[in-house]
Amino acid sequence: MRKLTILFVPLVALVVLVTPPALSQRTSVSRQFPVYNNGGKPDLVVDPQRFTSQMEIVDRLFEAGTCAIEEGAVGGTGYRRILRFDTVVMNSGDGDLVVGDRSDPNNPYAAFFEFAPCHGHFHIRDFSVYELLTPDGSLVVAGHKQGFCFEDSFKYDGGKSNGYNCGFQGITSGWGDWYFKQLTGQWIDITGIPEGDYIVRVTINLIGTFDEGENRYPNSVETTIHVPDPRKKVTIDNSPEIIDK
Ligand SMILES: [Zn+2]
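A short tour of the structure in this document, coming up. (Residues numbered from 1 in each chain as written. Predicted model: local features only at pLDDT ≥ 70, side-chain atom pairs only at ≥ 80, totals over all residues. Heavy atoms only, no water.)

### A few points about the packing of aromatic side chains
Two aromatic rings are characterised by how far apart their centres lie and by the angle between their planes. Using the following cut-off: Each Phe, Tyr or Trp ring, with Trp reduced to its six-membered ring, pairs with another whose centre is within 6.5 Å; inter-plane angles below 30 degrees give stacked pairs, above 60 give edge-to-face pairs, and intermediate values give tilted ones. Only DSSP runs of H or I with at least four residues qualify as helices, and only runs of E with at least two residues qualify as strands; both kinds are numbered from the N terminus onward. With a 1.4 Å probe rolled over the protein chains alone, any residue whose accessible area is under 20% of its type maximum counts as buried; one over 50% counts as exposed, and the rest are partly exposed. Charge over a ring is defined by NZ of Lys or CZ of Arg lying within 6 Å of the ring centre and within 35 degrees of the ring normal.
If you walk through the whole model with that rule in mind, you get 18 aromatic pairs. With a centroid separation of 5.4 Å and an interplanar angle of 65°, the aromatic rings of Phe62 and Trp187 are classed as edge-to-face. With Phe62 in strand E2 (residues 56-62) and Trp187 in strand E14 (residues 187-189), this pair connects stretches of sequence that are 125 residues apart. Each member of the pair, Phe62 as well as Trp187, is classed as buried. Taking 6.4 Å as the distance between ring centres and 90° as the angle between the ring planes, the aromatic pair formed by Phe154 and Trp178 counts as edge-to-face. Separated by 24 residues along the polypeptide, Phe154 in strand E11 (residues 154-155) and Trp178 in strand E13 (residues 175-179) bring together distant segments of the chain. For Trp178, a relative accessible area of 15% puts it in the buried group. Cluster of aromatic residues (ring-pair linked, three or more members): Tyr109, Phe127, Phe148, Phe150, Tyr179 and Phe210. The ring of Phe62 carries the charged tip of Arg60 above its face, separated from the ring centre by 5.8 Å. A cation over an aromatic ring shows up here: Arg216 above the ring of Tyr36, its NZ or CZ 3.9 Å from the ring centre.

### With respect to the side chain of Asp237
Keep this limit in mind: A 3.5 Å cut-off defines polar contacts: any pair of N or O atoms within that distance qualifies, except that in protein one atom must be a possible hydrogen donor and the other a possible acceptor, and neighbouring residues in sequence count only when both atoms are side-chain atoms. Any two residues whose heavy atoms approach within 4.5 Å at even a single point are treated as in contact.
Mapped onto the fold, Asp237 is located in strand E17 (residues 236-237). Within the local environment of Asp237, its side chain forms a polar contact with the side chain of Arg60, the two groups lying 3.2 Å apart. At a separation of 2.6 Å, a polar atom in the side chain of Asp237 contacts the side chain of Ser239. Contact partners of Asp237, with chain neighbours within four places excluded, come to Val58, Asp59, Arg60, Leu61 and Arg84.

### Concerning the sheet that holds E14
What counts is decided by this rule: Strands qualify as paired when DSSP identifies two bridges or more between them.
Ordered by their spatial adjacency, four strands build an open sheet running E14-E3-E2-E17, and the pairing between neighbours is mixed. The sheet terminates laterally at E14 and E17, the two strands that pair on one side only. Of the pairings in the sheet, the one linking strand E3 (residues 78-84) to E14 comprises three bridges and is antiparallel in character. Paired with Leu83 across the bridge in E14 is Ile188.

Now the structure itself:
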């Protein structure tokens with residue numbers, strides 16, 4: 001995910017301005033998940049710090065005709081309460097994740113490409129699941145993020161980007177693909193979920209679509225969260241919709 005709507009430009013500028021703290025976070029993840037000899041294969045892992053540090057619960061208005069409604073990213077129109085977070089998919093294997101181009105008839109992942117009309121590009125389906133669980137591990141509700149288009153968003157432990165984008169998808173070894181919480185679908189719709197303590201879990205490469213070799217690093221990340229009483233007010237986010245087109 002890299003190409004953004006014009007609406008995101010001020011945030012991009014902000015990210016550039018705050019490079020030192022961002023770099024320190026990336027240094028910490030590069031220490032935690034250094035690139036290792038994985039036989040030339042990728043090893044995908046979610047940045048656990050970014051996942052927890054950006055997590056929040058907000059109310060947001062969803063109107064008919066938006067991508068969120070067309071993609072079923074929430075249970076219906078009107079105000080919905082969403083639990084949202086960043087997902088940064090990092091590649092800590094010594095080989096690139098190469099997903100490639102849907103127009104290539106020999107693409108080995110052709111069956112996993114799915115055209116996203118609202119985005120104007122292909123996503124890889126069934127790559128991840130976002131789940132809210134009870135403390136004993138029973139599923140309460142799952143998110144509906146449709147898919148990912150793999151790109152190099154930032155470097156944390158690598159060399160030069162090999163230039164993957166939504167057209168020719170992939171993640172260079174030592175690079176990360178960043179889906180920030182404001183993106184449509186980067187959430188779990190928790191409207192009406194009773195107050196209590198829950199587990200939030202993100203799992204990637206869910207059905208083993210991509211060969212991760214030794215797969216030294218975990219494919220899921222989780223944290224706990226307290227969901228407030230549904231009648232209690234939370235921050236309202238009425239900012240325009242952002243999709244990764
Ligand atoms: Zn997209």
